[in-house]
Amino acid sequence: MSAITIIDQAPLGALIRYTDGSPKPPARFTKKLAAWERSNGLGRLVKKEPPRVYPTWTAPASFTLHEGNFSSDGVILVTIMRSHSADSRLVFEVAEEPKPGQVRVLLDFGGNTELLHLAESITAAELWIAREGYRNARLEIVGTEDGERAGGADLAA
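Computed from a prediction, not measured in an experiment: that's the story for all the values here.

Basis of the calculations
- Residues numbered from 1 in each chain as written.
- Predicted model: local features only at pLDDT ≥ 70, side-chain atom pairs only at ≥ 80, totals over all residues.
- Heavy atoms only, no water.
- Domains from an automatic or database assignment.
- Contact = heavy atoms within 4.5 Å.
- Buried area = accessible area lost by both parts, 1.4 Å probe.
- Salt bridge = Lys/Arg side-chain N within 4 Å of Asp/Glu carboxyl O.
- Polar contact = N/O pair within 3.5 Å; in protein donor to acceptor, adjacent residues only side chain to side chain.
- Helix = DSSP H or I, 4+ residues; strand = E, 2+ residues; numbered from the N terminus.
- Nonpolar A, V, L, I, M, F, W, Y, C, P; charged D, E, K, R; others polar.
- Core = buried A, V, L, I, M, F, W, Y, C linked by side-chain atoms within 4.5 Å.
- Buried < 20%, exposed > 50% of the residue type's maximum accessible area, 1.4 Å probe, protein only.

Chemist: Describe the domain arrangement of the protein, with residues and values.
Modeler: Each assigned domain of the protein is listed with its residue range as follows: domain 1 (1–97) and domain 2 (99–145). Domain 1 and domain 2 are separated by 21 Å when their C-alpha centres are compared. Between domain 1 and domain 2, the contact holds 13 residues from the first and 8 residues from the second. When the two sides are added together, the surface that domain 1 and domain 2 hide from each other amounts to roughly 790 Å², 53% of it contributed by carbon and sulfur. For the domain 1 face of the interface with domain 2, the top three residues by lost area are Leu-12, Val-46 and Lys-47, together amounting to 51%. Taken together, the links from domain 1 to domain 2 amount to 1 salt bridge. Here Lys-99 and Glu-96 are joined by a salt bridge, their closest N and O atoms 3.8 Å apart. Remark: the boundary between domain 1 and domain 2 carries 3 residue pairs in polar contact (both at pLDDT 80 or more). With 6 residues, strand β2 (residues 41–49) is the largest single contributor of residues to the side of domain 1 that touches domain 2. Tallied by class, the residues present in the side of domain 1 that touches domain 2 amount to 6 nonpolar, 1 polar and 6 charged.

Chemist: Mind laying out the nonpolar core, listing which residues take part and the relevant values?
Modeler: Counting 18 residues, the largest nonpolar core has Ile-6, Ile-16, Leu-45, Phe-63, Leu-65 and Phe-92 as its most contacted members. Broken down by element, this core gets its largest block of residues, 3 residues, from helix α1 (residues 3–9). In contact with Phe-92, other than residues within four places in its own chain, are Met-1, Ser-2, Ala-3, Ile-6, Ile-16, Arg-17, Tyr-18, Phe-63 and His-84. One finds Ala-119, Trp-128, Ile-129 and Ala-137 within the second-largest nonpolar core, a separate group that totals 8 residues.

Chemist: Can you tell me about the side chain of Lys-47, naming the residues and giving the values?
Modeler: Its location among the elements puts Lys-47 in strand β2. What makes Lys-47 buried here is its relative accessible area of 17%. Among residues more than four places away in sequence, those in contact with Lys-47 are Leu-12, Ser-62, Phe-63, Thr-64, Thr-113 and Glu-114.

Chemist: Give a detailed account of the environment of His-84, specifying residues and quantitative values.
Modeler: By the secondary structure assignment, His-84 is in strand β6 (residues 75–85). Overall, the relative accessible area of 6% leaves His-84 in the buried class. Spatially, the C-alpha atoms of His-84 and Ile-7 are 9.9 Å apart, while their sequence positions differ by 77 residues. Once you skip the residues sitting within four places of it in the chain, His-84 turns out to touch Tyr-18, Ala-61, Ser-62, Phe-63, Leu-65, Leu-90 and Phe-92.

Structure representation (structure tokens):
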């Protein structure tokens, strides 16, 4: 799939695999392996952005993948996010879609929606919101038509 297909069809929360098609180098070639890992990986789709028009140029549509966290003693120190534009030459595929019944914790800002967390149930999502302290987060149950909000209202932490 192309990046445009991911932007148009993949749901927030899907696991997206991307590759440049090259074979993985042996571990002993650390620099080559690091370069390969920048063009081959897996991440959860957390944001889609439309093209943005600026006075001198237009930024293409893009999407952002959450690739992981580095933590110490239960505290997240670094979050790895990677954005890909619609004109990316990489090959993408949906490795896994969110399961019906799972709950997306979403945050709307700047005309875009970002996935903050994908929970197994509404209870788990509410607990996550309370623990993390997002005040304007909303819930969306995977598989409901029109992306109805859980309970019909925004939830405040």
